[in-house]
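Secondary and tertiary structure notes
Given next are the chains, with one letter for each unit.
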Amino acid sequence: MQSVVIDRFGEPADVVHPGERPLPVPGPGEARVRMVLSPIHNHDLAIVRGVYGYKPALPAVPGTEALGVVDAVGEGVKNVQLGQRVASASAQAAWAECFISPAAKLVPVPDALPDEAACQLLAMPLSALMLLEDMKLQPGQWIVQNAANGAVGKVLATLAAARGIGVVNLVRRESALADLAAAGIAHGVSTDVTGWQDRVKALTGGAPIVRAIESIGGEAAQQIMGLLAENGELISFGSLTFKPLVISGGDLIFKQAVVRGYWASKRLAATPPAELGRMIGELAGQVASGLLKLPVGGVFGLADAAAAMTAAEHVGRTGKVLLRGS
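This write-up is about the structure you can find in this document.

Here is what the cut-offs are and how they apply
Residues numbered from 1 in each chain as written. Predicted model: local features only at pLDDT ≥ 70, side-chain atom pairs only at ≥ 80, totals over all residues. Heavy atoms only, no water. Helix = DSSP H or I, 4+ residues; strand = E, 2+ residues; numbered from the N terminus. Rg over C-alpha atoms; globule rule 2.2 N^0.38 Å. Contact = heavy atoms within 4.5 Å. Lys, Arg positive; Asp, Glu negative; His and termini not counted. Charge placed at Lys NZ, Arg CZ, Asp CG, Glu CD. Phe/Tyr/Trp six-rings, centres within 6.5 Å; stacked < 30°, edge-to-face > 60°. Buried < 20%, exposed > 50% of the residue type's maximum accessible area, 1.4 Å probe, protein only. Salt bridge = Lys/Arg side-chain N within 4 Å of Asp/Glu carboxyl O. Pairing = 2+ DSSP bridges. Right-handed = clockwise from strand over helix to strand, strands pointing away. Arc of directions from axis to C-beta. Patch = residues over 30% accessible without salt bridge, like charges linked within 9 Å, V, L, I, M, F, W, Y side chains within 5 Å. Areas by Shrake-Rupley, 256 points an atom, 1.4 Å probe, with all protein chains shown as cover. Disulfide = S-S within 2.5 Å. Core = buried A, V, L, I, M, F, W, Y, C linked by side-chain atoms within 4.5 Å.

Another aspect to go through is the overall build of the protein. For the protein, the count of helices and strands is twelve helices and 15 strands. Taking 326 residues into account, the globule formula puts the C-alpha radius of gyration at 20 Å, and the protein, at 20 Å, falls close to it. Counting only C-alpha atoms and orienting by the principal axes, one finds that the protein spans roughly 60 × 40 × 35 Å. The contacts of the protein with a sequence gap of at least 6 include a subset with a gap of at least 24, amounting to 68%. Considering the protein, the positive charge centre built from 27 side chains and the negative charge centre built from 28 side chains are found 3 Å apart.

In structure tokens:
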């Protein structure tokens with residue numbers, strides 16, 4: 001079968017290449033899924049670079065989320081059937097015509113949900129929903145996030161607004177505000193404009209900002225720490241720059257702020273099936289209603305993976321870049 005392969009870690013567009021791999025055979029409790037579409041996430045790019053929380057053995061086939069159709073099952077599998085349309089956010093080696101997944105981790109996908117939305121429903125939207133619920137916010141409270149024009153940022157802003165939670169959505173370019181507005185997301189602020197902090201105060205009316213979600217790294221961490229209220233919490237969710245967080249000791253001490261990390265993969269693994277089903281059902285319903293938008297920034301075949309990596313890292317793209325398996 002055709003796959004996307006890396007033989008070394010490095011810049012994604014330089015190290016990915018098409019390759020032939022044996023068709024995998026599912027073992028007990030496993031299913032083989034014929035991949036239809038698979039999104040390219042920032043954490044996928046980090047894995048290819050070798051800077052994520054784990055490194056796969058080389059050579060490796062990347063890819064962690066996909067939509068597909070079950071085409072073989074191993075011994076003892078009862079929860080999925082041949083020909084069933086499923087999604088997985090905990091897959092490995094998903095950038096291939098077929099991949100293996102524990103059958104218990106496959107999620108049935110409603111027929112009404114388009115492929116382009118279903119393939120990216122779990123990892124980023126589910127991460128945003130889990131984070132939102134774990135922050136235990138009340139209607140009327142305010143939070144701030146940077147990288148607000150990213151996939152998680154847009155979903156978090158949409159879900160929070162629907163629950164009556166105010167979100168200050170920081171972006172690094174003035175032009176990115178139009179992207180937020182097109183998605184129906186309010187309270188966007190560009191940090192490349194002088195006096196942007198005054199704009200934040202005007203939006204919140206001086207209300208305390210109780211949580212700050214940091215997804216860039218470096219000096220950007222101090223930007224949102226500076227907005228955080230006393231006894232607030234800064235949550236490190238991602239690292240677009242891969243730079244260490246730069247945070248003022250004075251703000252940390254005198255605000256008595258808490259800084260913690262949030263790895264959605266760990267949260268997902270600890271989530272009971274019933275709770276997971278509830279959250280996925282909520283997300284699917286919001287996509288179907290049009291409230292939650294999951295745009296696509298391009299679709300590439302496996303043979304064009306290098307071009308797909310370049311597109312995925314293009315500054316200003318407005319949707320998720322997808323790989324097509326078949």
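Once you've had a look at it, read on.
With that settled, consider the packing of aromatic side chains. Between two aromatic rings, the relevant description is the distance of the centres plus the angle of the planes. Within this structure, the stated rule accounts for three aromatic pairs. Relative to Trp263, the ring of Tyr52 lies with its centre 5.7 Å away and its plane at 85°, an arrangement referred to as edge-to-face. Of this pair, Tyr52 sits in the loop between helix H2 (42-49) and strand E4 (66-73) while Trp263 sits in the loop between strand E13 (258-261) and helix H10 (264-269); the two residues are 211 residues apart in sequence, bridging distant segments of the chain. With a relative accessible area of 25%, Tyr52 lands in the partly exposed category.

A separate point is the pattern of salt bridges. Applying the stated criterion across every chain yields a total of 13 salt bridges. When the shortest N-O distance is used, the salt bridge between Lys154 and Asp179 registers 3.0 Å. Pair noted here: Lys154 is in helix H5 (residues 151-162) and Asp179 is in helix H6 (residues 176-182), with a separation of 25 residues, a long-range link. A salt bridge links Arg267 to Glu275; the shortest N-O distance between them is 3.3 Å. Exposure remark for Glu275: the relative accessible area of 26% places this residue in the partly exposed category.

The next thing to look at is the pairing of strand E12 (residues 233-236). Successive residues of a regular strand alternate their side chains across the two faces of the sheet. In this sheet, E12 lies alongside strand E11 (residues 209-214) in parallel orientation, the contact comprising four bridges. For Ala212, the partnering residue across the bridge sits in E12 and is Leu234. Handedness of the β-α-β unit built from E11, helix H8 (residues 220-225) and E12 comes out right-handed.

Another point: unusual backbone geometry. Pro59 follows Leu58 through a cis peptide bond whose omega is -5°. When you line up the elements, Pro59 lands in the loop between H2 and E4. You will see that His187, though not glycine, has its phi angle at about 60°, which is positive. Even without glycine at this site, Gln256 takes up a positive phi of about 50°. Structurally, the position occupied by Gln256 is in the loop between helix H9 (249-254) and E13.

Of the positions making up helix H12 (residues 305-312), those classed as buried are Ala305, Ala308, Met309 and Ala312. Down the axis of H12, the sector holding all buried residues measures 100°, keeping them to one side. The elements touched by buried residues of H12 are strand E1 (2-6), helix H1 (12-15), strand E2 (16-20), H2, strand E14 (296-301) and strand E15 (320-324).

Here the focus is a nonpolar patch on the surface. Residues Leu245, Leu252, Ile253, Phe254 and Val259 make up a contiguous nonpolar surface patch of about 470 Å² in total accessible area. It is H9 that contributes the most residues to the nonpolar patch, three residues altogether. By the secondary structure assignment, Phe254 is in helix H9. Residue classification places Phe254 among the exposed residues on the basis of a relative accessible area of 68%.

A complete count under the given rule lists zero disulfides for this structure. With no disulfide of its own, Cys98 has Cys119 as its nearest cysteine by sulfur position, at a separation of 17 Å. Residue Cys98 is classed as buried on the basis of its relative accessible area of 7%.

When you line up the elements, Gly10 lands in the loop between E1 and H1. With near-sequence residues (within four places) excluded, Gly10 lies in contact with Val15, Val48 and Arg49.

A few words on the nonpolar core. Among soluble globular proteins, nonpolar side chains are generally buried collectively. Residues Leu121, Leu131, Leu132 and Met135 are the most contacted members of the largest nonpolar core, which totals 46 residues. Sorting the residues of this core by element identifies strand E3 (30-39), E4, helix H3 (115-118), helix H4 (123-134), H5, E11 and helix H11 (273-289) as the ones contributing at least two each. Of all the elements, H4 adds the most residues to this core, at eight residues. Residue contacts for Met135: discarding those within four places in its chain leaves Ile143, Leu156, Arg211, Ile213 and Ile235.

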